[in-house]
Amino acid sequence: MNIIEVVNLSKGFKAKKGTITAVKDVSFNVRMGELFGFLGPNGAGKTTTINILCTLLTPTSGKALLNSFDVVTNQNEVRQSIGLVFQEPSLDEKLTARENLEFHAMLYNVPKAVREERIKYMLEIVGLYDRKDDLVNTFSGGMKRRLEIARGFLHHPRVLFLDEPTLGLDPQTRNHIWEYIHQLRKKEEITIFLTTHYMAEAENCDRVAIIDYGEIIAIDSPSDLKKEIGGDVITVIAEDRDKAKKTIEEEYNVSVIANDEGLHFEVENGETFLPKFIKKADFKILSISLRRPTLEDVFLKLTGRRIREESAEANTALKIHARRLMR
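Predicted, not measured: the structure shown is a model, and the values here were computed from it.

Visitor: Looking at this structure, how should I read the packing of aromatic side chains?
Guide: The geometry of an aromatic ring pair comes down to the distance between the two centres and the angle between the two planes. All chains considered together, the criterion is met by 13 aromatic pairs. Note on Y252 and F277: the rings are 5.6 Å apart at their centroids and 50° apart in plane angle, and the pair reads as tilted. Of the two residues, Y252 sits in helix α9 (residues 241–252) while F277 sits in helix α10 (residues 270–280), which places them 25 residues apart along the sequence. One aromatic cluster is present, formed by F28, F36, F38, F161 and F193 through successive ring pairs. The ring of Y129 carries the charged tip of K132 above its face, separated from the ring centre by 4.4 Å. Looking at R174, its charged tip hangs above the ring of Y198, at a distance of 3.9 Å from the centre.

Visitor: Would you take a moment to explain the side chain of T196 for this structure?
Guide: Along the chain, the position of T196 falls in strand β8 (residues 191–196). Only 2.9 Å separates the side chain of T196 from the backbone nitrogen of Y198, close enough to count as a polar contact. In contact with T196, other than residues within four places in its own chain, are F38, L39, G40, K46, E164, E201 and A202.

Visitor: Explain the side chain of S81 to me, please; I cannot follow it from the model alone.
Guide: Within the element layout of this structure, S81 appears in the loop between α2 (75–80) and β6 (82–85). S81 sits in the buried class, given a relative accessible area of 5%. At 3.1 Å, the side chain of S81 forms a polar contact with the side chain of N67. Only 2.8 Å separates the side chain of S81 from the backbone oxygen of E77, close enough to count as a polar contact. Among all residues touching S81, those that are not within four sequence positions of it are L66, N67, F69, P157, R158 and V159.

Visitor: Got a minute to help me understand the nonpolar core in this structure?
Guide: Where a protein is soluble and globular, its nonpolar side chains tend to be buried together. Grouped together as the largest cluster of nonpolar side chains are 45 residues, with contacts concentrated most on L147, I149, F153 and L162. Broken down by element, this core gets its largest block of residues, five residues, from helix α5 (residues 141–153). Residues in contact with L147, not counting those within four places in the same chain, are L91, A97, L101, L123, L128, V136 and F139. Among the nonpolar cores identified, the runner-up in size contains 29 residues, and I50, V71, V78 and F161 belong to it.

Visitor: It is not clear to me how the sheet that holds strand β5 (residues 69–70) should be interpreted in this structure. Could you clarify?
Guide: Spatial strand order, β2-β1-β4-β5: four strands in an open sheet with antiparallel pairing. Among the strands making up the open sheet, the edge pair consists of β2 (18–31) and β5. Strands β1 (2–15), β2 and β4 (61–66) of the sheet are contacted by helix α1 (residues 46–53), whose axis makes an angle of about 115° with β1.

Visitor: Just checking my understanding: could you explain the sheet that holds strand β14 (residues 285–291) for this structure?
Guide: With antiparallel pairing, the four strands of this open sheet are ordered in space as β12-β13-β11-β14. Edge positions in the open sheet fall to β12 (257–259) and β14, since each of these has one partner strand only. The average angle at which neighbouring strand axes cross in this sheet is 20°, direction not considered. Pairing analysis gives three bridges linking β12 to strand β13 (residues 262–267), with the strands arranged antiparallel. By the bridge assignment, A258 is partnered in β13 with L263.

Visitor: Just to check I follow, could you spell out unusual backbone geometry for this structure?
Guide: Most peptide bonds adopt trans geometry, and most residues besides glycine take a negative phi value. Positive phi, normally seen in glycine, also occurs at T55, with a value near 70°. Along the chain, the position of T55 falls in the loop between α1 and β4. For Y213, which is not glycine, the phi torsion reads 50° and is therefore positive. Looking at the element boundaries, Y213 is found in the loop between β9 (207–212) and β10 (215–220).

Visitor: So what exactly am I meant to see when it comes to the pattern of salt bridges here?
Guide: Note that side chains of opposite charge can pair when their charged atoms are close. Applying the stated criterion across every chain yields a total of 21 salt bridges. Note that R291 is salt-bridged to D297, the shortest N-O span being 2.5 Å. Classification of D297 by relative accessible area gives buried; the value is 4%. One salt-bridge network, held together by shared partners, links R98, E102, K132 and D133.

Visitor: Explanation requested: α10 in the structure shown.
Guide: Because each turn of an α-helix spans 3.6 residues, side chains separated by three or four positions in sequence point in the same direction. Those residues of α10 lying buried are G270, F273, L274 and F277. Take α10 and look down its axis: the buried residues cluster within an arc of 105°, on one side only. Opposite its buried face, α10 presents the exposed residues T272, K276 and K279, each directed more than 90 degrees away.

About the thresholds
- Residues numbered from 1 in each chain as written.
- Predicted model: local features only at pLDDT ≥ 70, side-chain atom pairs only at ≥ 80, totals over all residues.
- Heavy atoms only, no water.
- Phe/Tyr/Trp six-rings, centres within 6.5 Å; stacked < 30°, edge-to-face > 60°.
- Helix = DSSP H or I, 4+ residues; strand = E, 2+ residues; numbered from the N terminus.
- Lys NZ or Arg CZ within 6 Å of the ring centre and 35° of its normal.
- Polar contact = N/O pair within 3.5 Å; in protein donor to acceptor, adjacent residues only side chain to side chain.
- Contact = heavy atoms within 4.5 Å.
- Buried < 20%, exposed > 50% of the residue type's maximum accessible area, 1.4 Å probe, protein only.
- Core = buried A, V, L, I, M, F, W, Y, C linked by side-chain atoms within 4.5 Å.
- Pairing = 2+ DSSP bridges.
- Axes fitted to C-alpha atoms, helices over the stretch in contact; angles between N-to-C directions.
- Salt bridge = Lys/Arg side-chain N within 4 Å of Asp/Glu carboxyl O.
- Arc of directions from axis to C-beta.

Here it is in structure tokens:
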């Protein structure tokens, strides 16, 4: 059963030179209880899509249902069905951890009889119960993220949206955050909708939608997406790049992707292929590497480039417009 259904969804923002189309005719479903990921670079349309599904933005066209409620015509019902951990911090830092959760519980009409027990339970799960009476402005970035995740789960939503939940955190803290997310998901039996541009983070998902320039270019499980690569990935840096590319394509009948990091192509049984390739090469190899395919390779194959950082100007324009609409 689908908890989210999206059909031909589009969203455009007015800009100085016309319109910025952030989401282009997107269609997908999210199954109940699924951990579903939107993977793509900054500015790909991930946050815009979440904002539409959470009723913070109105789509230009198309339709979206969440928990069977239309995100445009049934906004109150949708809001009662979701939790949201924003990309940017949204805690009141002048309140304590417990006070932040109490305020959230009242907003979502969590019954007073169970409110304190639920707050205690959530703080214990994310390891913050001992800091419940400390002001949030004394917390580290990772602690604030854990508190935001606890707050998102507090009212038992049908769907929890995590918009870049570990952005800006160090790898160790990021791993700890994911431990808490998995623990909460298992205990609460909730659907999670994640956006990220971290490849390793997307590996946690049951299914991943790869989105770029506002369009979904692939949807499947991480393992099945990686099967599209077809083998091991070889990366070569050669002295004569053009000659190497032509030679590899003609000699081995493979498609070679060239970018700033070198020449990339796929082969079966890379360990046995590599020594023969080096011995036979009629061009000077400066470096060569072999690795198993990743979601980064899937993105590279589908787009011809690696995850990019979107321009600051476009990103700022989208955020400013979104904030104005949310006021």
